[in-house]
Amino acid sequence: MTDVPAAAATKKPRAKRRTERLNLLLSHKRDLQMWDEIRQRPEYADMGVSEVVRHAIRTLYNEHRTADQLDGYEKRMGASLRAMHKHLNRMENAQQINMAFLEVLMRTYYYHTVPVPKEAAPQAVADANRRIARFIEDVAGMLERGGGIQELTIRMMEMESDEAAE
């Protein structure tokens, strides 16, 4: 093997060095053009060089700070939307359960309940209004105490058995 000095081993090819110099020169040229355009703007015309540079630094800093804040905001917003989506799914599931329960209740009621004769209608309406008022009071009481549907169902069954005994 031949011994190649370390500096020669890390030396870039000539074409690559030339491209880098050309890019640097073009970049510098663009920077000078932008500088001239900035200096021609009325809001910067009265400023000194150091004031323009300080203004540019502040603007860059504010942009980075805003970007960081927005990044955090986007993460929080995404988490909030995911939580809301889960909550909506739970509500939808509960609504489907309630609708299925209502359908079963309606079918059971209509299959097993005979129509009320016309002569017994006034008494049936009075009994129904009294039972509805009691039911609403029981539901309100359950909601106030934080009771569950099982407790309400048991109370309703007790209420019906008490009425049947009367």
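From a predicted model like this one, the values you see are computed outputs, not experimental measurements.

J.: I tried to follow the layout of surface pockets on my own but got confused; where do I start?
T.: Of the volumes computed, that of the second largest pocket is approximately 200 Å³. Taken together, Tyr-109, Thr-113, Val-114, Val-116 and Arg-131 form the lining of the second largest pocket. For the lining of the second largest pocket, the class distribution of residues is 3 nonpolar, 1 polar and 1 charged.

J.: Explain the packing of aromatic side chains to me, please; I cannot follow it from the model alone.
T.: Summed over all chains, the structure comprises 1 aromatic pair. Between Tyr-109 and Tyr-110, the ring centres sit 5.3 Å apart and the planes meet at 75°, which makes this aromatic pair edge-to-face. Judged by relative accessible area, which is 48%, Tyr-109 ranks as partly exposed.

J.: Help me understand a nonpolar patch on the surface in this model?
T.: A cluster of nonpolar side chains, Leu-70, Tyr-73, Met-77, Leu-81, Met-84, Leu-88 and Met-91, forms an exposed patch at the surface whose accessible area comes to about 680 Å². On the secondary structure map, Tyr-73 appears in helix α4 (residues 49-112). Judged by its relative accessible area of 43%, Tyr-73 is partly exposed.

Thresholds applied
- Residues numbered from 1 in each chain as written.
- Predicted model: local features only at pLDDT ≥ 70, side-chain atom pairs only at ≥ 80, totals over all residues.
- Heavy atoms only, no water.
- 1 Å grid on protein atoms, 1.4 Å probe; cavity = no way out; pocket = protein on both sides within 12 Å on 5 of 7 lines; lining within 4 Å.
- Points joined across faces, edges and corners; volume = space filled by probe spheres on them.
- Nonpolar A, V, L, I, M, F, W, Y, C, P; charged D, E, K, R; others polar.
- Phe/Tyr/Trp six-rings, centres within 6.5 Å; stacked < 30°, edge-to-face > 60°.
- Buried < 20%, exposed > 50% of the residue type's maximum accessible area, 1.4 Å probe, protein only.
- Patch = residues over 30% accessible without salt bridge, like charges linked within 9 Å, V, L, I, M, F, W, Y side chains within 5 Å.
- Areas by Shrake-Rupley, 256 points an atom, 1.4 Å probe, with all protein chains shown as cover.
- Salt bridge = Lys/Arg side-chain N within 4 Å of Asp/Glu carboxyl O.
- Helix = DSSP H or I, 4+ residues; strand = E, 2+ residues; numbered from the N terminus.

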